Amino acid sequence: MAKVTRTVVVKSVELPRKVFRAFVELEGMYRNMVERLVLYAVSNGIKSFIKLKALKYREMRGLYLQLPSHYVYTACQDASTRAKSFLRLKKLSLAKRAYPEVRRVSIWLDDHLWKPNDLTSIGIATHRGWVIVEFEPHRQYWRYVNRGWRLASEAKVKLDKKNRQLIIYMTFVKEVKEYKPKGYLPVDVNENNVTTIVDGVAYLFETGTEKLVLGYYYRRKRIQERYDKLYGKKSRVKKKVLRRLKERKKKQDIRWKTANIIVRTAYERQYAIVLEKLGKKPAQNMIKKIRDKQLRHRIFQASFIGIQKAIEEKARECGIPIIYVDPRNTSKLCPIHKAPITYGNGSRIGRCSKGGELWHRDVVACYNLLFKALWGDGSHAPSPVGYTLLDVSPMPLETKATHDPIGISKSLWARWKSLPQTQFATILDVMKR
Ligand SMILES: [Zn+2]
């Protein structure tokens, strides 16, 4: 059993002025406590919530006796989290100031400070008593409610002062049981596609990450340069123009759609997903300042990790086991002869140095991921159950049409929910001819 948590954000209805004022007062007191606590924690090197609470509870409690006492607890939790991440940055000498700035505040609530009232409203304990806040549920919220997720005891609220609304962050929790895999679905994520082998047939989902990532990078840079010159670095106009690019949204869209297809394909067949084990390096690289030469590589890395993370997240929700294997040499060795494959200049098609047969680079990677999982080369690979090596016979290009990768353009797969059986058959048919 694994615990999966998801945060859902809902907005309250527009609150009456008097009610909203109470939340503004509450936020002010909460902020003040967090500011004091962070300052104290950082100057004394305290990272632990328990220690911070033990040292400062009495003082904070005395500060605002009108507040429900549990706000001191949550302020301590909030502050210790901020202090911890600031101290870590400081250690890496990445902190810009001597002390952290408490800019954006969301009020942390524990089970004494809030409770669900009904399905579309919650109660929040304030210095003016319990206040019932109605919120506007959306599709995503109902999906979690209706699919057996339960609400966690912690929540957060942020104030939207312009619209007199509360932004409520609720956490849903579900216990998911991993199933025993009946087979394996290897998934190779790279610059331009996500490749997978389903029961011996290779699929190449074109993502066009290269074009998308680089395109946005240069567009963003051009906008920044132009607007910085005209209006200075922190102009609103620039922010607005950048927002209009919808970069984040488009990248996330691709991410979730690919993840959905992969996860559904695995779930329908009750297969485990086999992924490359990514090192810790990429994340470190993102913090470090990197020379321009490596930039290309870095931004691609970031987007691979994004797709892989999305697959992991969705898989965990559905109880799909994930097997991580060592990514070394996955695209370099022939899956049949274990001999190196030589690729022509920049080509994705290579020739086996022993057998002389042709291979598609991404398909090779997938086969090797699959074999590594089958042979227990992965870090958490279980012994293959009901699945023998005879079930997978790697086929190079041009021996049998069904073993050539089926390239599927983004415009096509973006509308799919999983591998459609009918379209699947048509494509196969076209490929055979
Ligand atoms: Zn070979």
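That block above? That's the structure.
Cut-offs applied
- Residues numbered from 1 in each chain as written.
- Predicted model: local features only at pLDDT ≥ 70, side-chain atom pairs only at ≥ 80, totals over all residues.
- Heavy atoms only, no water.
- Pairing = 2+ DSSP bridges.
- Helix = DSSP H or I, 4+ residues; strand = E, 2+ residues; numbered from the N terminus.
- Axes fitted to C-alpha atoms, helices over the stretch in contact; angles between N-to-C directions.
- Contact = heavy atoms within 4.5 Å.
- Patch = residues over 30% accessible without salt bridge, like charges linked within 9 Å, V, L, I, M, F, W, Y side chains within 5 Å.
- Areas by Shrake-Rupley, 256 points an atom, 1.4 Å probe, with all protein chains shown as cover.
- Salt bridge = Lys/Arg side-chain N within 4 Å of Asp/Glu carboxyl O.
- Buried < 20%, exposed > 50% of the residue type's maximum accessible area, 1.4 Å probe, protein only.
- Donors = N, O, S within 2.8 Å, 3.2 Å for Na, K, Ca; no water.
- Tetrahedral: all angles 85-135°; square planar, octahedral: opposite > 155°, others 65-115°.
- Phe/Tyr/Trp six-rings, centres within 6.5 Å; stacked < 30°, edge-to-face > 60°.
- Lys NZ or Arg CZ within 6 Å of the ring centre and 35° of its normal.

J.: An account of the sheet that holds strand β13 (residues 341-343) is requested, with residue identities and associated values reported.
T.: Spatially, β13-β14-β15 is the arrangement adopted by the three strands of the open sheet, whose pairing is antiparallel. Edge strands, defined here as strands with exactly one partner in the open sheet, are β13 and β15 (358-360). Neighbour-to-neighbour, the strand axes of this sheet turn through a mean angle of 40°, independent of strand direction. The pairing of strand β14 (residues 349-352) with β15 spans three bridges and is antiparallel. Looking at the pairing, isoleucine 349 lines up with histidine 360 of β15. Sheet strands in contact with helix α10 (residues 361-374) are β13 and β15, and its direction is about 80° off that of β15.

J.: Describe a nonpolar patch on the surface, and please don't skip the residues or the numbers.
T.: Taken together, the side chains of Leu89, Leu92 and Leu94 make up a nonpolar region of the molecular surface, amounting to roughly 240 Å² of accessible area. Mapped onto the fold, leucine 92 is located in the loop between α3 (70-91) and β2 (107-109). By relative accessible area, leucine 92 is classed as partly exposed at 48%.

J.: Any chance you could break down the coordination of the zinc ion for me, citing the residues and the numbers?
T.: The zinc ion binds to the protein through Cys334 (SG), His337 (ND1), Cys352 (SG) and Glu357 (OE), with metal-donor distances spanning 1.9 to 2.3 Å. Taken together, the four donor atoms coordinating the zinc ion span angles of 93 to 114° at the metal, a pattern that classifies the geometry as tetrahedral. The sequence motif formed by the donor residues of the zinc ion is C-x2-H-x14-C-x4-E.

J.: Break down the packing of aromatic side chains for me, citing the residues and quoting the values.
T.: Applying the stated criterion across every chain, the model contains 12 aromatic pairs. With a centroid separation of 6.0 Å and 65° between ring planes, the pair formed by tyrosine 141 and phenylalanine 172 is classed as edge-to-face. Of the two residues, tyrosine 141 is situated in helix α4 (residues 139-146) and phenylalanine 172 in strand β7 (residues 165-176); the sequence distance between them amounts to 31 residues. When sorted by exposure, tyrosine 141 lands in the same class as phenylalanine 172, which is buried. Note on tryptophan 359 and tyrosine 367: the rings are 6.3 Å apart at their centroids and 75° apart in plane angle, and the pair reads as edge-to-face. The burial state of tryptophan 359 is the same as that of tyrosine 367; both residues are buried. In textbook terms, an aromatic cluster arises when at least three aromatic residues are bridged by ring pairs, as seen for Phe135, Tyr141, Trp142, Tyr144, Trp149 and Phe172. Between the NZ or CZ atom of lysine 56 and the centre of the ring of tyrosine 40, over which it lies, the distance is 4.1 Å.

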